[in-house]
Amino acid sequence: AFGVIADIQFADAEDGYDFGGCRRRYYRHSLRLLREAVRTWAGESPPVDFVLQLGDSIDGQNARRGEAESALQQVLEVLGQLSVPVHHAWGNHELYNFSRARLVQSGLYSRPAGSSAGPADRECHAYHCSPGPRLRLVVLDAYDASILGTDRGSPRYQESLRLLREKNPNDDLNSPEGLKEPHFVAFNGGFSQAQLDWFNEVLKFSDENQEKVIVMAHVPLHPSASNGVCLAWNYEAALSVIHAHRCVVCVLAGHLHDGAYCLDWHGVHHLTLEGVIETPPDSNAFGTIYVYEDKMVLKGRGRIPDRVMHF
């Protein structure tokens, strides 16, 4: 069993609204909802073996307020009350607050030591581990190609900006207005070829060893588990890798605060979790997933519905 939570986006700030000005965001209450989730996981029987934090743990406004470090410490302090590992995905809001180099030095860097765990680039927050017999977790870095959190003079930034400008002519690169491919916006990102090649090798190993694989990333990888905008830039390339193998049973993501779900033609479940940040204080948005030989069962709390995913 393992816990799942997405888009906490904590800030010690009054309630506000999303960029469209119509969706209420409960910045301060999100930490209280996280505490409730941690208390629930700590009391689970059987106990959870690990927790997946699917990205955007703190809100971007912390950077403007000069409170990025303190906000992150408060979130990590709550998660630190768990006696099990917490695996973190990096989201756009982490990268509004910190550079990639700084995130490597933070408590959000859950990639294990040693080169065999992930790609050669240590600033790529992708890795794999085996939390149980014949079960593998793969954490993907959906901002490996991105203009966020990267030095403007770096090849990573320049190449990402070139790709984004090629697909998005809008003055505001966060606007999908009029785009043929509306997911080419700055608040999304993508995967480098090096990460995709590494991912392919990991799945090849899992195929050979008859493992079941759970993939997590901040940004959804399937259009039907998205609203068409909140989607990784080169999601097709990531799906091609997944569909070239038999082992992947589920892809977990956040980013889209409404949540979404689909079962793709290859039999892979794509579950996008509802975000804590837009959850009223009298509800919640987290879950516990129980893994069996032939299925995964999600017990959702608050806004997150229960779900059975057969494989």
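Located above this text is the structure these notes cover.
The sections below set out a description of the structure shown in this document. All values derive from a computational prediction rather than experimental measurement.

Some thoughts on the overall build of the protein chain
Right, on to step 1. A count of helices and strands for the protein chain gives eight helices and 14 strands.
Right, on to step 2. At 18 Å, the protein chain has a C-alpha radius of gyration in line with the 19 Å of a compact globule built from 311 residues.
Right, on to step 3. For the protein chain, the spread of C-alpha atoms along the principal axes amounts to about 50 × 40 × 35 Å.
Right, on to step 4. A total of 311 residues make up the protein chain; the buried ones form 59% of that total.
Right, on to step 5. The long-range share in the protein chain, meaning contacts at least 24 apart out of those at least 6 apart in sequence, stands at 63%.

Focus on the nonpolar core
Right, on to step 1. Ranked by size, the top nonpolar core spans 94 residues in total, and within it Phe2, Leu34, Trp41, Leu140, Phe199, Val248 and Leu252 carry the most contacts.
Right, on to step 2. Top contributing element to this core by residue count: helix H3 (residues 68-79), with seven residues.
Right, on to step 3. With residues near it in sequence (within four places) discarded, Leu34 still touches Ile5, Ile8, Val75, Val78 and Leu79.
Right, on to step 4. Val185, Phe187, Val229 and Cys230 belong to the second-largest nonpolar core, a separate cluster that totals seven residues.

Observations regarding unusual backbone geometry
Right, on to step 1. Put simply, Ser45 and Pro46 share a cis peptide bond, and its omega is 0 degrees.
Right, on to step 2. Along the chain, Pro46 turns up in the loop between helix H1 (29-42) and strand E4 (50-53).
Right, on to step 3. Its identity is not glycine, yet Asp7 carries a phi of approximately 50 degrees, on the positive side.
Right, on to step 4. Along the chain, the position of Asp7 falls in the loop between strand E1 (2-5) and strand E2 (16-17).

Observations regarding helix H7 (residues 193-208)
Right, on to step 1. Its 16 residues give H7 an end-to-end C-alpha distance of 23 Å, which sits within 8% of 22 Å, the value for a rise of 1.5 Å per residue.
Right, on to step 2. By the burial criterion, the buried members of H7 are Gln195, Leu196, Trp198, Phe199, Val202, Leu203, Ser206 and Asp207.
Right, on to step 3. Against the buried residues of H7 lie strand E6 (127-132), strand E7 (135-139), strand E8 (212-216), helix H8 (235-243) and strand E9 (248-253).
Right, on to step 4. Taken from the residues just after H7, Gln210 is the one with a positive phi, measuring 50 degrees.

Rules used in this analysis
- Residues numbered from 1 in each chain as written.
- Predicted model: local features only at pLDDT ≥ 70, side-chain atom pairs only at ≥ 80, totals over all residues.
- Heavy atoms only, no water.
- Helix = DSSP H or I, 4+ residues; strand = E, 2+ residues; numbered from the N terminus.
- Rg over C-alpha atoms; globule rule 2.2 N^0.38 Å.
- Buried < 20%, exposed > 50% of the residue type's maximum accessible area, 1.4 Å probe, protein only.
- Contact = heavy atoms within 4.5 Å.
- Core = buried A, V, L, I, M, F, W, Y, C linked by side-chain atoms within 4.5 Å.
- Expected span 1.5 Å × (residues − 1).

Remember that the coordinates give geometry; whether it matters functionally is a separate question.
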